[in-house]
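# Descriptive structure summary
Listed below, chain by chain, are the residues.
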Amino acid sequence: MFNIILFGPPGSGKGTQSEKLILQYGLKHLSTGDLLRTEIASQTPLGLEAKNFMDKGQLVPDEVVIGMISTALDANSKANGFLFDGFPRTKAQSEALDKLLKLKQTEIGVVLSLQVSEEELVKRLLNRGLTSGRTDDNNEEVIRERIAEYHRKTSAVADHYQTFEKVVAIPGEGSVDEIFESLSAEIDHRMSAHTTFR
Ligand code: ADP
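The structure reproduced in this document is the subject of the present report. In this convention, every chain numbers its residues from 1, walking through the sequence in written order. Residue-level local features of this predicted model are given only where pLDDT is at least 70; pairs of side-chain atoms are given and counted only at 80 or more, and the full residue set underlies all totals for whole chains, interfaces and linings. Side-chain calculation: all heavy atoms of the structure are included, whereas hydrogens and water are not.

This part covers the environment of Q93. The residue Q93 is located in helix α5 (residues 91-103) in this model. Only protein chains enter the accessibility calculation, which uses a 1.4 Å probe; a residue is then buried when its area is under 20% of its type maximum, exposed when over 50%, and partly exposed in between. What makes Q93 buried here is its relative accessible area of 3%. Once the C-alpha coordinates of Q93 and E63 are considered, the two residues, 30 residues apart in sequence, prove to be 8.5 Å apart. When residues no more than four places from it in sequence are discounted, the contact partners of Q93 are D62, V65, I66, F87 and P88. Numbering of helices and strands runs from the N terminus, with a helix taken as a DSSP run of H or I at least four residues long and a strand as a DSSP run of E at least two residues long. In this analysis, two residues are considered to be in contact whenever any of their non-hydrogen atoms come within 4.5 Å of each other.

This part is about the side chain of R146. By secondary structure assignment, the location of R146 is in helix α7 (residues 140-162). A polar contact is formed between the side chain of R146 and the side chain of D137, at a distance of 3.0 Å. If we ignore the near neighbours within four places in the chain, the residues touching R146 are P10, G57, L125, R128, R134, D136 and D137. Polar contacts here mean pairs of N or O atoms no more than 3.5 Å apart (in protein, one a potential hydrogen donor and the other a potential acceptor; neighbouring residues in sequence count only if both atoms are side-chain atoms).

Moving on, we get to the site of the ligand. Throughout this document, a residue counts as near a molecule or strand when at least one of its heavy atoms sits within 4 Å of that molecule or strand. Residues in contact with the ligand amount to 19 residues; listed here are only the nearest, T32, R37, Q58, R128 and R146. One of the side-chain N or O atoms of R37 is found 2.8 Å from an oxygen atom in the ligand. Between the ligand and R89, the relevant distance is 3.1 Å, taken from an oxygen atom to a side-chain nitrogen or oxygen of the residue. The accessible surface values rely on the Shrake-Rupley method and a 1.4 Å probe; as for residues, cover is taken only from the protein chains in view. Within the complex, 97% of the 550 Å² of free accessible area of the ligand lies under protein. Class assignment of the residues belonging to the shell around the ligand gives a composition of seven nonpolar, five polar and seven charged. Only Asp, Glu, Lys and Arg are considered charged in this grouping, and only Ala, Val, Leu, Ile, Met, Phe, Trp, Tyr, Cys and Pro are considered nonpolar; every other residue, Gly among them, is considered polar.

With parallel pairing, five strands are arranged side by side in an open sheet as β2-β3-β1-β4-β5. The open sheet terminates on both sides in strands that have one partner only, identified here as β2 (28-31) and β5 (167-171). When the angles between neighbouring strand axes are averaged without regard to direction, this sheet yields 20 degrees. The criterion for strand pairing is that DSSP finds at least two bridges linking the strands in question. Of the pairings in the sheet, the one linking strand β1 (residues 3-7) to strand β4 (residues 108-115) comprises five bridges and is parallel in character. The residue bridging I4 from the neighbouring strand is V110, located in β4. Think of each axis as a best-fit line through the C-alpha atoms, taken over the contacting stretch in the case of a helix, with angles from 0 to 180 degrees between the N-to-C directions. In this fold helix α1 (residues 14-25) packs onto β1, β2, β3 (82-85) and β4, with an angle of close to 175 degrees to the strand it touches most, β3.

Now the structure itself:
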């Protein structure tokens, strides 16, 4: 099993690249943003609670997303590996994920960190807001708050995995295909090392 965290601020292209990576590597895509939006669409109590935070650009409480991921891991015990997108987003979520994976005798293989400038992020998110129907994408104040949450809480996730030398920075500006090539090259390299040593 080889598990990847696709890491980066909102608008850095995690969703777009995830779609391509899961096809290439046969991984199970776990996006907490998508899981939360499904809960909102179904108007579950969890979705209704999460929506209050998401509409303000704030993170949903750790217990909520950790519970969702734990359920998703159990529901996909036969997967070749997981691609985590938008999770973990806090240090507590990183530690919880490490524990959950350890229980399944696996771990994070690599954290691929997409690098995109703030002005480009805001431009992309406002642009996505024109068509995505996502209420958190069509208000610049909410977008700025999401980026601020990223700096306040989520950048700590990279620090956490850096202590295990698992983080690789990948340029996130350029064509979708160019970025995909950079991500794939790094995954191929890490995956071959993984099979050689285990
Ligand atoms: P983006 O990467 O564009 O911000 P996502 O779909 O990943 O979009 O997330 C949308 C919103 O869902 C976030 O702003 C946050 O409120 C909530 N969310 C998603 N994942 C998490 C998480 N792991 N922890 C807390 N909140 C989350």
